[in-house]
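Chain and residue survey
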Amino acid sequence: MAAYDVLSIDGGLKLLPEIVLLAGILALFFITNLGDAKIRIPLTRLRIPALLGGNRFKWNSDPRIPGIVSVFTLIFAIGMLIQTLGDDCADIMKGFCSETTILTTTGKNPVHLLKLDSFSRLFELMFFLALLLVSAASLNRLQADSNPSNDDLEQLLDNRRQVDFYLLLLISGLGMTVVAMSMNLFVLFIGLELASLPIYVLVAFHKESKAGSEAGVKYFITGAISSAVGLYGMSLLYLWSGSLQLTVLEAAWASMDTPEALPLFGISLLLVGFGFKISSVPFHFVAPDAYSGASSPVAALLATASKTLGFIGLMRILMIVTLPETGETAVWMFAFGTLSVVTMTWGNLAALGSENPKRMLAYSSVAHAGYMMAALVAVAAWKSGSYTETNNNGLMAAELIIGAIIFHLFVLISFKIGAFMVISHLETEDDVTDMSSLHGLAKREPIIATSMFVFMLALAGVPPLAGFMSKFLMVTGIVQVASADVLVNNNVDLIPTILGMHWTFFLAIAIFINSAISLYYYLRIGVLMFFEESSTRLPLPKVSILRFVIFVCAIGTVFFGINSDWLVETVTNAASALFADS
Amino acid sequence: MIDPSWVAGLGVIIFAIGLWGAFTRKNAIIVLMCIELILNAVNLNFVAGAAHFGDELGWMYAAFAIAIAAAEVAIGLAIFLSLYSKHATISLDGLELLKN
């Protein structure tokens, strides 16, 4: 394991993807502001071109320029990311992994800041992919969204506004990578703020509509309160242990004999901050408002990248800092388990009664957060079980479960973004406020309707699509952990076996029941698309890039469902990197 | 020198006031002020911790927290401004457009 100074050349070379992102942000700013402005040299009549400001040239006043710069920056960043993986995985086709590097601060007593390993690199890849899909799909977004009769068309076509959009997107991406790599709780928090402050603006980006600004205010107020409370919890942890290094906190937590009030209070306040990001139950009410007020690509970002941020935080806090010694029960286990069941049930029941497709997708993402929280609880149950001392399968189960969560977050990028992109495509025609926009879509646009149906089936977890694979892995992991006690005793009778299981087994049952409930509203979309009559038979407006993104998402959904070996290998690498000692 | 525990205690009081205000007030600007109170309680905790443990990183955390708070205010006020230009109010009570 190599450690470099973050400001040295070697350290900088490890951060090439982030440097590319930074260069993209600068390029976005400079390229779109080049113009024919001149500066007069004082005391002379000589004027030299300053190139910045003034009237823009013809080539860079094209409104598509910012989006194209953003797309190429992200493609280049992904290329750099694969370039910097190191010799550990010369063959990326066998699974994505990375050698472990630690970047430290400059000075006499270097503090570990960032850790680059299979875990953080995989999450960086996920963030870049999500941002790439979102920015590619937004290329035509602002033009397509406005009616030609609208007076604001001129303003929407203006690329200054487009620059804002993609600038915020890329800055947010920079923050996300910091969250993925951080080894210090405060660095993690700075990354979280760097990622979420631009997202607050993106949610409120449609300031022409009443709904846009309302969604922005609701999302901002809730987000700001929960992140401030989370930061207060972090400061309590600092008062308790004197450091915010994850390794120091882990050691301090492990050396604590009986639970103390200060760290417990600090951790629970910190979980408030992350709970908002994953939209778990006390904060679920803001998700549908934010999703339906924001533009569809931004809502897709909220449902995937933003949720992933929260889960990185939860994994770092719950899995690294507060995971107890073998045989002890984690203090948060029961509360978190209850919360996860409430979250998934509430999300599904609310989605059942939802008539707005975007709100339905928002509630479904609340439900998915619940599934993943249940899986986190199972890891704690694995630690509290007594069987881990006898065999070594326990570690495998924990890695399997964490890997399943990462798998789910990865494949969500394909089908969640895909579903939002279909709605985005419908919005090129008219605002999508109720299910009637989907009526008869199959007759108007067979390919898009089929893709939407694939996304819905994947969200419901129907084999052989990607969503099935992730849910299957999670449930297998939970059952393996819950039944390990029983299997050791060789019980074969059904009823005693079930009663003898650890209570986390009921989390697996809750996931099953909830998946069954959710099938109704996912399939309903399919019925509406294929069997309802639409008022028009005309196809949707031709927006080729949006169609391309939908198509890519659909292929990804099917591909990772059928051929999941590569992804399973990849997420297992990432999960073992999370548990590896640092 | 003031004992750090007094500083942290003041932080608890300010945090409680801020949290209570953030949940009960209806004016968006006052809610923003309450969020700032919470962030200032955070700063007091970091400063108290830095003084208690003699850890210079604590001072740095406080400085960064101030910067984050400033960025948050800037973004918050901009969002409220766009709310005001459309709804002609910044009261959080009137936000009922987005309903199921």
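Everything quoted here is computed from the prediction, not taken from an experiment.

Structural notes on the pattern of salt bridges
- On inspection of all chains with the given rule, the structure shows 11 salt bridges over all chains.
- Linking D117 of chain A and K115 of chain A is a salt bridge whose minimum nitrogen-to-oxygen distance equals 3.8 Å. Taken individually, D117 of chain A and K115 of chain A each receive the classification buried, so the pair is uniform in this respect.
- With its nearest N and O atoms 3.9 Å apart, the salt bridge here joins K26 of chain B to D93 of chain B. Here K26 of chain B, found in the loop between helix 1 (4–24) and helix 2 (28–53), pairs with D93 of chain B, found in the segment after helix 3 (56–87); they are 67 residues apart in sequence, far enough to count as distant.
- Exposure remark for K26 of chain B: the relative accessible area of 41% places this residue in the partly exposed category.
- Residue class for D93 of chain B comes out partly exposed when judged on its relative accessible area of 46%.

Observations regarding the packing of helix 3 (residues 65–83) of chain A against helix 4 (residues 118–137) of chain A
Residues and elements named next belong to chain A.
- At a minimum axis separation of 9 Å, helix 3 and helix 4 run at an interaxial angle of 160°. Looking at the two axes, helix 3 sits roughly antiparallel to helix 4. The hand of the helix 3/helix 4 crossing is left-handed. On helix 4, the residues touching S70, V71, L74, I75, A77, I78 and L81 of helix 3 are R121, E124, L125, F128, L129, L131, L132, S135 and A136.
- A per-class count over the contact of helix 3 with helix 4 returns 12 nonpolar, 2 polar and 2 charged.

Overview of the confidence of the model for chain A
All names here are of chain A.
- Per-residue confidence for chain A gives a mean pLDDT of 84, with 90% of residues at or over 70.
- When mean pLDDT is compared element by element in chain A, helix 8 (residues 185–203) scores highest at 94, while helix 6 (residues 153–157) scores lowest at 47.
- Between residues 144–156, whose pLDDT stays under 50, and residues either more than four places distant or in other chains, the model counts 12 contacts.
- Counting interchain partners and residues more than four positions distant, the pLDDT-below-50 stretch residues 387–391 has 10 contacts.

Brief notes about the interface of chain B and chain A
- Facing the 45 residues of chain B at the interface are 47 residues of chain A.
- Of the roughly 3,800 Å² buried between chain B and chain A, counting both surfaces, carbon and sulfur atoms make up 76%.
- Where chain B meets chain A, there are 0 salt bridges.
- Linking chain B to chain A there are 5 residue pairs in polar contact (both at pLDDT 80 or more).
- When residues of the side of chain B that touches chain A are traced back to their parent elements, those giving at least two are helix 1, helix 2 and helix 3 of chain B.
- Its residues assigned to classes, the side of chain B that touches chain A comprises 32 nonpolar, 8 polar and 5 charged.

Comments concerning the packing of aromatic side chains
- Tallied over the full model, the rule gives 26 aromatic pairs over all chains.
- Their ring planes at 85° and their centres at 5.3 Å tell us that Y200 of chain A and F220 of chain A sit as a pair that is edge-to-face. Highlighted residues: Y200 of chain A in helix 8 and F220 of chain A in helix 9 (residues 210–241), separated in sequence by 20 residues.
- Given the relative accessible area of 1%, Y200 of chain A is considered buried.
- Judged by its relative accessible area of 0%, F220 of chain A is buried.
- Grouped by ring-pair contacts, the aromatic residues F186 and Y238 of chain A together with F46, F53, Y61 and F64 of chain B constitute a single cluster.

Looking at the environment of T177 of chain A
- By secondary structure assignment, the location of T177 of chain A is in helix 7 (residues 159–181).
- Setting aside residues no more than four positions away along its own chain, T177 of chain A makes contact with E18, E124, F127 and F128 of chain A.

Some details on the confidence of the model for chain B
- In the predicted model, chain B carries a mean pLDDT of 90, and the fraction of residues at 70 or more is 96%.
- Here the prediction assigns the complex a pTM of 0.92, and the interface score ipTM is 0.96.

Structural notes on the nonpolar core
Residue and element names in this part refer to chain A.
- With 222 residues, the main nonpolar core has F123, M315, M319, L376, I402 and I406 as its most contacted residues.
- The leading source of residues in this core is helix 16 (residues 393–427), at 21 residues.
- What M319 contacts, discounting residues up to four positions off in sequence, is L314, W332, L376, V379, I402, L578 and F579.
- Counting residues in each nonpolar core, the second largest holds 7 residues, with L15, L103, L114 and M181 among its members.

Criteria and cut-off values
- Residues numbered from 1 in each chain as written.
- Chains lettered and ligands numbered in written order.
- Predicted model: local features only at pLDDT ≥ 70, side-chain atom pairs only at ≥ 80, totals over all residues.
- Heavy atoms only, no water.
- Salt bridge = Lys/Arg side-chain N within 4 Å of Asp/Glu carboxyl O.
- Buried < 20%, exposed > 50% of the residue type's maximum accessible area, 1.4 Å probe, protein only.
- Helix = DSSP H or I, 4+ residues; strand = E, 2+ residues; numbered from the N terminus.
- Axes fitted to C-alpha atoms, helices over the stretch in contact; angles between N-to-C directions.
- Parallel < 35°, antiparallel > 145°, perpendicular 65-115°, else oblique.
- Left-handed = near helix turned anticlockwise from the far one by under 90°.
- Contact = heavy atoms within 4.5 Å.
- Nonpolar A, V, L, I, M, F, W, Y, C, P; charged D, E, K, R; others polar.
- pLDDT = per-residue confidence, 0-100.
- Buried area = accessible area lost by both parts, 1.4 Å probe.
- Polar contact = N/O pair within 3.5 Å; in protein donor to acceptor, adjacent residues only side chain to side chain.
- Phe/Tyr/Trp six-rings, centres within 6.5 Å; stacked < 30°, edge-to-face > 60°.
- Core = buried A, V, L, I, M, F, W, Y, C linked by side-chain atoms within 4.5 Å.

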